[in-house]
Amino acid sequence: MSAVELYTKGTQVWIPHAEIVWEAAELLEDYTLSKKSISVFTASKETKVLTIKTENDLPYLMNPRILLGENDLTALSYLHEPAVLNNLQYRFCQKNYIYTYCGIVLVAINPYTELPIYNIDTIQTYRGQSLGNLDPHVFAVAEEAFTKLEREQRDQSIIVSGESGAGKTVSAKYTMRYFATVGGSTTETQVEKKVLASSPIMEAIGNAKTTRNDNSSRFGKFIELQFNKQFHIIGASMRTYLLEKSRVVFQAPDERNYHIFYQLCSAAKKLPHLQLDHQSKFHYLNQGNSPTVAGVDDSKEFEETVIALNLLGFSEKEQDDMFKIIASIIHIGNIEFTDSIIKVENEQDQEGCAIKQNDKHLQIVSNLLEIDEKEMREWLCTRKLISMRDVYLKPMSVQDATTARDALAKHIYSALFNWVVLMINRTLESEVQRHRFIGVLDIYGFETFEINSFEQFCINYANEKLQQQFNLHVFKLEQEEYIREGIEWKMIEFYDNQPCIDLIEAKLGILDLLDEECKMPRGTDSSWTEKLYGKCSKYPHFSKPRFGTSAFVVNHFADKVQYESDGFLEKNKDTVIEEQINVIRCSTNDLVRKLFNPESQKLAPPRTKLKVISAKPMPSTQKTHKQSVCSQFRDSLNKLMTTLNATTPHYVRCIKPNDSKAAFEYEPKRAVQQLRACGVLETIRLSSAGFPSRWTYIDFFYRYRVFCKSRDIIKTDIKKTCEVILKKCIKDSSTYQFGKTMIFFRAGQVAYLEKLRADKLKECCIMMQKTVRMFICRKKYLRIRKSAALIQRYGRGVLVRRLAQEIRRTRASIKIQKYVRGWLKRIQYQRLRRSILGIQTRARGFMARLKFLRLKQNAAAIVIQKHVRGWLARRSYKEKIRKIIICQSAIRRYLARRQYKKLKIEARSIEHVKTLNKGLENKIISLQQRIEGLNKTNSELKGYQNEVHDLKLKLQSFKSKELEIKNLNNLLIEKNKLIEKLEADIKTERDEKMDLINEQDRIKQDIENQQKLWSQETAKLREELENMNEIVRANEKGAEENLKVRLEEEKLLIINETDSDREAYQRLLNEYHNLEQYCEELKSQIKVQGYQGLHKRNISDLSSISAIDEVLLTANVPEDYGYGSVRSTVSNSSARERLEDVNWKVEGTSENHTPSTSDTTTNQEVEASIEQQIIDVEPSSDLTKADVSLVIRLQHKLSTSERERLRIQKRLDELDLSPKVEKAKTEAEYLARISEMELINSQLNEQLIDLQNSIKEGNGLQQLHKQLATAQNELQRRSEEIIQLKSILAEQTNNMKTILNSKTHTGTHGELAQAYETQKTINKQLELEIQDEKAKYLAYEKELKLEIEKLQEDNDRQQRILSANLLGSGQTQEMAFMQFEINRLTTENLDLRDRIDSINENLRKFKKREKLLLKKLKEAGFDLANDTHIKTNGAVITSRNEPTIRKKDRAYLGMFSFKQGDENIIMKQLLNIKPRTAVTLLPGLPAYIIFMCVRYTDYINDEEKVKLLLSSFSNSLKKIIRKRLSDFETTALWLSNVVRLIFTMKQYSGEKAFQTNNTPKQNDQCLRNFDLSEYRQVFTDHTIWIYQGVVKNIREKIQSLIVPAILEHEEIPGISGNKPSGSRSRLGSSSSINSPTGSQKPTTLLLQELTNHHKILCYYGVDAGIISQIFQQIYYFMCATSLNNLLLRKELCHWSKGLQIRHNLSHLEMWPREKNLDEAAIQSKLQPIIQAAQLLQARKSKEDVESICEMCSALTPPQICKILNLYTPVDEFEKRVPSDFIKQVHAKLQERQDNADHVLLDVNHHYSVRIAFTPSDICLEDIEIPESINLPMLVKL
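Since the structure is predicted, the reported quantities are computational estimates derived from the model, not experimental observations.

**Student:** Just checking my understanding: could you explain the overall build of the protein chain for this structure?
**Tutor:** Of the regular secondary structure elements, the protein chain holds 52 helices and 28 strands. Taken across its 1837 residues, the protein chain has 46% of its residues classed as buried. Considering only contacts in the protein chain between residues 6 or more positions apart, those separated by 24 or more positions represent 73%. Roughly 100,000 Å² of accessible area belongs to the protein chain as shown, and the carbon and sulfur atoms make up 54% of that amount.

See below:
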């Protein structure tokens, strides 16, 4: 069919666009040949009409949507520019993929951000993978080059090109990193580091900031990585091209000089002798006005540069001289010239220039370069001219002097640059002859600017040469492919840029004319341009510019470039004044003289093919003219092309996506320019000119078999079937060709086939939909019809029932209405009647109340009237009475006054006087009689007066006694006050209760803080103890179950930590065995080569052994069985005790917690293992010497761990036996005394009352004397009791009983006293607990301090030993090691002596008690004569009178005897057993034989013999395993036997933990004299080593089967429907069908391999638990390998492939169940790949975000997002995953707590090995040695 038929309505096309280059559009009509225009609707919502003159004017067709984002651009059906741009833009912007294949070219787009795709996991994943099997990556190109280097034995080259800022340097750096990783030698590890270390140095001196790139390489370089015959890197060399010297003296705006200048300025304070300052103060550094680079710290970069210089062997003197030269260049730029008049004798003065006398920069330059300042000052301003006869000195102008100064600076920097390259090459050189090399070319890309000069011309000239080589190589590959497939082809026309190259380098070309003009005395740029116009106009690629005569235009392969001729001659000459150079040559600085010595450039590294100097040829003789820059560049370029043509090239084209350096932003204009310039579009054009689309026959058939019927399929000839399909679909046979293995299609044919396939599938879908819809509709109709009939039947019944119900309801409602209405009327009548009665009642009551109120008011009024009238009457009466009295008073006053006057007159008369004195005499007589009586009474009173005086004296004495009594009362009052005070104390105690609780909390907090400082483990134990106490006190139900759950959690935590420790230990053990094996290889190499000593290494060239030691010293590994550093030991010893540290004696981990009767721990076993391994290595080995310090650290850690274990055990015992709270002391005595005091107080009160009564009665004196005497005695006796009472109160005892028994308090106070007593008891208990805790933690603190002091002393001693180890000789190290061993053994010996003494003392006590008991038994009548114990030679022999029963005439003891010296012969015979012979014997027979020999040595108690026996076995085992490590049967045999030996040693060790399943006979056969726990650990290490060898063998066998079996295999071929692909040397999954193993399914092969290995392991009797662990590791390896491949293969990420992967995995899931292995543990290792397959099958809508996140629990968030990004439909019927959905999933995944950030799994990860103890039921006495083993020296006892 013709391409015109594809232009139908709705077809997607590309049309040109001014901004985005190409725009998507859709045809609005069908196109025919008769039409001259066609209408399209663009993506910008516009309608355009395109003019079509010929078919070539038709717009480009758009590829199908399923091809969007293809890994290879050649896989696109339509190969043209818009398709390439769109695919790159989609991959870069939408998927963030920076790499894309374009045939043999890798297109790399600079992301301008860091991406996590260059780690070691990625390198390992790409290792061994063919190009195209995984996603595009620079590592894939590197792997392709390395693979071809190995297979084809041909040199390789990787050409990295692109414009500035495209990422060439980074791509080259990662390429070298890949080679350094996969080609790293095991002997010379520093070579790779040096190769990588050269990058910072070259970036510092050769990279600069430009407007396009912050780290632009301003030179080209070609790095050769040299390999030996084993393809290990042995050296490297570097060639440089065209350094941009002009940048040293000039920078454009927003650009910088080379980085090294700014780095030195940033380190000015560190290097004061350079006299540098801020870069803005120097002319050569401030012209660009951009002194800094965003995100770059020049000081840190300087430190990295210095580190790299040190690593590459630059001495401090050389570095200092180098920095001086660079600083001098900076100062040269600040030398200023001034116009001056030069006076010359006898001649006319001349105009010239001069330098100021005080110019400090010239002085600094002279000091730094160590040259003569005066001479340099002279020749900076003067030039020497030499004629035929005379020599003239001509002063230079300021401009000429400035130019000469800049030329000198450029020349110095160029010489320094070449010297640095030379020194790097010398450091990277190797003494070993190289076998092959891989070259990495990092060279500038095609450049075109507004003003293009000499540098751009040279760069574009180099790109023309490289493009020519690229075109020839692509054309060659294309034609070779056609020839190999045997198809008919025509010569493909491709762009040949040889005419452009001839224009540049041919005779009388641009370069030739430039050199000729440079030789002319008066040659100028303009004259050279005129010559170009005249000589080069004949070339079609040369033209004149439209304006001006100082430029010329060259039509390069990428674009036309106009070059300005100004400066061409000067830059080509590269002249510098010879006198200035001579001044510098006279420098006293060695490096300066070396730089400018012509002979120095002739030095080259020995034994190298190519001269590793800067690409600048050396002059042959001094008389020859200096070669121009362009000639040098042309020669070096030709040499480079010769080198590249001799290699197999690989291409990396770097693209700069935008000029703003924004991350993941794509500018189509800039991209298309670079794609045209770098040849990518030319590759596309070459591919599209031929047959770009290729399909293998089987893939084509599976994809397009829908076009043929079953009768058309020829099963025996797929090729014939494909021909039938193509004849039906494509009429034009010239559009495709049939090759030998694949079909070739012209461009667009695959798209046409895809269109036909889509139409066919659409028709099939429509047919299926029609049939299914008819079936669904018919079923729906019948269901509706049946439902309608049922509904009608049930509806009619419902209606009838509803009618009957309505009738019944009507009748019932009428009745209800009748009764309701009657009821309502009755209710209404009754309510009305009640209302009327109520109204009447209330109305009558109201009327009655009103009447009563009136009557009451009338009565009240009458009463008021009565009282008012009475009051008025009384008031009137009282007024009248008052008035009457007033009248009476006045009258009486008058009468009295009149009577007074009358009496006054009478008194003055005599009669009145007589009347008054009448009877006076009688009165006087009576008075005299009375006086006499009074006198008589007076005399009597005087007698009484004396008596009163005496009584007063007595009264005073009584008063004094009364005061004393008052004092006693006061004392009683004080006691009462004291009681009141106690009442107050009750209240305060009540308040202090909370204070005590708070105080307790504070003390607990302090204790917890101390625990955190001391040990976190103790805090956990304390918390657990408190929780357990709370549970016990509360007596809650289910406490025991909760405890079990918590113990299980702690147990799991312990197991996890143990696994991690074991894993780290086993990893170190593996490294140790690798080092041992490497040591053996070195010894064998030394013997072969005839060397007497080992290879000497300098500090900068350490071996991998030292690197491993450094890892051991610096790794943060937790207690890997003693393989931790001293620092980690100290930190771990201070950890808190936890329940994890309790020995739970879990079966399965018993080998790590083996109890020992002699207190020997697993750590001691590790120590013995390490010592034994060190003894095994010869003393002369460097490894032994390097490991002495490690052994010392390990032994110290082991002893520390032992002390820590004992301390933790002691602490646990203390916590278990913690003292209970003491009971309060009885207060009976105090209570009795208090009661007695209260009784006495009451007696005193009674005596006081009696005394008062007696005083009143008069006999108080006697009573008082009596009471005082009694009180005095009583008070004296009771004073002591009062003091005791006070002391008791001070001690806060329960003396509140006094309140209860007191008569002055009520019952409320008694209850308060009881509450107080209870509270005091609680407080006392809390105080006792606090004091107990304080005492314990004080003791703990003291113990920790003592331990810290011991650790400090040990640490100091270890540091001294380590320093002696590192600085001293081997003898010093051995002496220090022996001294350390002596000290350690002495300490242990003393400890053992102390323990023996204590045991002997206990034994003596027990014997004494035994004698006493025996004596008592004899006295009681028991006779012990029949059961006596007789001591013979220290052994206790029990003799019984009862007869013994024997089964056989001869009873064997289960041991083999042998003679001294037969150990090596025995082990040689045992270890040389052939695996096939061992299968016929008892499983584990060698292990039993060895142990029975051990039993014999134990029986005779020969320690030396057992050591020789076990050491011989260990050494022989290591030799046989090293020799046959790749033999799976041998490793399986000895894995089984070593494990059985370990189990047997445990079973017969005498330890109770291993005797639970033993028979009494086996217990009797236990070892009596030896503790072999240390040897158990040694053999455990051997087991782990052999285990890892077994795993490695299985991995190597199945590695090539994993990806085909899990990812690529299809149970139904073609079900996944592979998409169209370019098939450029990258075959799909179906390629395996035609492979030799295609007759068998990959899954079957994989399962067969697993089954075979499982059978072998079972045949040789390997423990079932170890077999399960082996296949757990293998399943993890299969999962990691398949998942990593899936994450890097986009073509596998679709729904149907997920279904197929899940099906393939189901076979692997069933296999462990069939083999009775640990199914759950093994299948769990497949969860990541299983969940990845489920993710491919899952729905991907917004509602499924949460379910997907929950389903993929074993995948990390980056892995999930990666799979969703890779998901690509294989048909147009599927939808791509929306970006919004991926963002939602990513946001949901961020909520996870353990968010891991790795994408790829570590395939080399090893799980820890757990050797669970399994006892044997085989009796040792029944074991016989077969004759096939040939051990006649063993005698069975």
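**Student:** Which parts of the structure should I look at to understand helix α9 (residues 360–369)?
**Tutor:** Since one α-helical turn is 3.6 residues long, residues separated by three or four positions face the same way. Across the 10 residues that make up α9, a large majority, seven, are buried. Every buried residue of α9 is listed here: H361, L362, I364, V365, S366, L368 and L369. Of the surrounding elements, those touching the buried residues of α9 are α8 (316–332), α10 (373–381) and α18 (590–595). Two or three places before H361, at the opening of α9, D359 has a side-chain oxygen 3.0 Å from that residue's backbone nitrogen.

**Student:** Please clarify how the sheet that holds strand β24 (residues 742–745) should be interpreted in this entry.
**Tutor:** Sheet architecture is open: three strands sit in the order β22-β24-β23, paired in antiparallel fashion. Of all the strands in the sheet, the pair left with one neighbour each is β22 (693–696) and β23 (736–738). Mean inter-strand twist for the sheet, computed between neighbouring axes without regard to direction, equals 20°. As paired strands, β22 and β24 are joined by four bridges and run antiparallel to one another. Following the sheet pairing, R694 is matched in β24 by F744. Along the sheet face, helix α12 (residues 454–485) touches β22 and β24 and points at about 135° away from the line of β24. Across the sheet, helix α23 (residues 718–729) touches β23 and β24, and the angle it forms with β23 is around 165°.

**Student:** Mind showing me how you'd approach the packing of helix α46 (residues 1664–1687) against helix α51 (residues 1757–1766) here?
**Tutor:** Two quantities define a packed helix pair, namely the angle between the helix axes and the distance between the axes. Interhelical geometry of α46 versus α51 gives an angle of 50° and a closest axis separation of 10 Å. Between α46 and α51, the angle is such that the two are oblique. Residue-level inspection shows L1683, L1686 and L1687 of α46 in contact with α51, the latter providing Q1759, K1762, I1763 and L1766. Looking at the contact of α46 with α51 residue by residue, the classes come out as five nonpolar, one polar and one charged.

**Student:** I tried to follow the sheet that holds strand β7 (residues 105–109) on my own but got confused; where do I start?
**Tutor:** Across a sheet, paired strands are connected by hydrogen bonds in the backbone, their directions being either parallel or antiparallel. Spatially, the seven strands line up as an open sheet ordered β6-β7-β21-β8-β17-β11-β12, and their pairing is mixed. The open sheet has two edge strands, β6 (99–102) and β12 (233–241), and neither has a second partner. In this sheet, neighbouring strand axes are inclined to one another by 20° on average, regardless of whether the strands run parallel or antiparallel. Two elements, β6 and β7, share four bridges in a ladder whose sense is antiparallel. Of the residues in β7, the one forming a bridge with Y99 is A108. Those strands touched by α12 are β7, β8 (156–161), β17 (436–442) and β21 (648–655), and its axis lies near 120° from that of β21.

**Student:** Would you take a moment to explain the packing of aromatic side chains for this structure?
**Tutor:** Given two aromatic rings, their pairing is described by the distance between the two centres and the angle made by the two planes. What the rule picks out here adds up to 42 aromatic pairs. For the pair Y178 and F179, a centre-to-centre distance of 6.3 Å together with 75° between the ring planes defines the contact as edge-to-face. The burial state of Y178 is the same as that of F179; both residues are buried. Taking the centre distance of 6.5 Å and the plane angle of 45° together, the rings of Y736 and F745 count as tilted. Through successive ring pairs, a cluster of aromatic residues spans W695, Y697, F700, Y704, F707, Y736, F738 and F745. Taking NZ or CZ as reference, R653 lies 4.8 Å from the ring centre of F470, over its face. Over the ring of Y1767 we find K1740; its NZ or CZ atom is 4.3 Å from the centre of that ring.

**Student:** Please clarify how the side chain of E255 should be interpreted in this entry.
**Tutor:** As for its placement among the helices and strands, E255 is situated in the loop between β12 and α6 (259–266). Setting aside residues up to four positions removed in sequence, E255 forms contacts with K209, T210, T211, R247, G288 and S290.

**Student:** Honestly, unusual backbone geometry in this entry has me stumped. Any pointers?
**Tutor:** In this structure, N96 is a non-glycine residue whose phi angle is positive, near 60°. A positive phi angle, close to 55°, is found at N289, a residue other than glycine. In this fold, N289 is placed in the loop between α6 and α7 (298–311). Taking relative accessible area as the criterion, N289 reaches 65% and is therefore assigned exposed.

**Student:** Honestly, the nonpolar core in this entry has me stumped. Any pointers?
**Tutor:** Here is a general trend for soluble globular proteins: nonpolar side chains tend to be buried in one another's company. Judged by nonpolar contacts, the single largest core of 321 residues is most densely connected at F179, F261 and F552. In terms of residue count, helix α44 (residues 1573–1608) provides more of this core than any other element does, 16 residues in total. Counting residues in hydrophobic clusters, the runner-up holds 36 residues, among them F701, C722, F745 and V750.

**Student:** Hey, could you run me through the packing of helix α45 (residues 1642–1659) against α46 in this one?
**Tutor:** Interaxial distance between α45 and α46 falls to 11 Å at its minimum, and their mutual angle equals 160°. In terms of orientation, α45 and α46 fall into the roughly antiparallel class. In terms of crossing hand, the pair formed by α45 and α46 is right-handed. Facing α45, whose interface residues are L1646, L1650, H1653, H1654, L1657 and C1658, α46 presents I1667, I1670, F1671, I1674, Y1675 and M1678. In the contact of α45 with α46, the residues fall into 10 nonpolar, two polar and no charged.

**Student:** What should I look at first to understand the pattern of salt bridges in this one?
**Tutor:** Once their charged atoms are close, side chains differing in charge can pair, the charge on each being opposite to the other. All told, the structure shown has 42 salt bridges when counted by the stated rule. In this structure, E1610 engages K1697 in a salt bridge whose closest nitrogen and oxygen atoms are separated by 3.7 Å. With E1610 in the loop between α44 and α45 and K1697 in helix α47 (residues 1695–1714), this pair connects stretches of sequence that are 87 residues apart. Taking relative accessible area as the criterion, E1610 reaches 12% and is therefore assigned buried.

**Student:** What's the story with helix α38 (residues 1463–1471) in this structure? I'm lost.
**Tutor:** Taken together, the buried positions of α38 are occupied by E1463, I1466, M1467, L1470 and L1471. Projection of α38 onto a plane perpendicular to its axis shows the buried side chains occupying an angular sector of 115°, all on one side. Counted as exposed and oriented over 90 degrees from the buried face of α38: N1464 and K1468.

**Student:** Please clarify how a nonpolar patch on the surface should be interpreted in this entry.
**Tutor:** Side chains of V772, M774, F775 and I776 sit close together on the surface and give an oily, nonpolar patch of about 410 Å² of accessible area. Mapped onto the elements of the fold, I776 is located in helix α24 (residues 749–907). On the basis of relative accessibility, which here comes to 47%, the residue I776 falls in the partly exposed class.

**Student:** Which parts of the structure should I look at to understand the state of the cysteines?
**Tutor:** The full count for this structure, using the stated rule, is zero disulfides. Free of any disulfide, C353 has its nearest cysteine sulfur in C381, 4.1 Å distant.

**Student:** Whenever I open this one, the pairing of strand β2 (residues 21–27) confuses me. Can you help?
**Tutor:** Regular strands place side chains that alternate from one sheet face to the opposite one. Extensive coverage of β2 is indicated by the burial of five of its seven residues. Taken together, the six bridges between strand β1 (residues 12–17) and β2 define a ladder with antiparallel strand orientation. When the sheet's bridge partners are listed, I15 is paired in β2 with E23. The turn joining β1 and β2, which pair antiparallel and follow one another in sequence, is formed by three residues. As judged from the three bridges shared by β2 and strand β3 (residues 37–42), these two strands associate in the antiparallel manner. Paired with L27 across the two strands is V40, which belongs to β3.

Parameters and conventions
Residues numbered from 1 in each chain as written. Predicted model: local features only at pLDDT ≥ 70, side-chain atom pairs only at ≥ 80, totals over all residues. Heavy atoms only, no water. Helix = DSSP H or I, 4+ residues; strand = E, 2+ residues; numbered from the N terminus. Buried < 20%, exposed > 50% of the residue type's maximum accessible area, 1.4 Å probe, protein only. Contact = heavy atoms within 4.5 Å. Areas by Shrake-Rupley, 256 points an atom, 1.4 Å probe, with all protein chains shown as cover. Polar contact = N/O pair within 3.5 Å; in protein donor to acceptor, adjacent residues only side chain to side chain. Pairing = 2+ DSSP bridges. Axes fitted to C-alpha atoms, helices over the stretch in contact; angles between N-to-C directions. Parallel < 35°, antiparallel > 145°, perpendicular 65-115°, else oblique. Nonpolar A, V, L, I, M, F, W, Y, C, P; charged D, E, K, R; others polar. Phe/Tyr/Trp six-rings, centres within 6.5 Å; stacked < 30°, edge-to-face > 60°. Lys NZ or Arg CZ within 6 Å of the ring centre and 35° of its normal. Core = buried A, V, L, I, M, F, W, Y, C linked by side-chain atoms within 4.5 Å. Left-handed = near helix turned anticlockwise from the far one by under 90°. Salt bridge = Lys/Arg side-chain N within 4 Å of Asp/Glu carboxyl O. Arc of directions from axis to C-beta. Patch = residues over 30% accessible without salt bridge, like charges linked within 9 Å, V, L, I, M, F, W, Y side chains within 5 Å. Disulfide = S-S within 2.5 Å.

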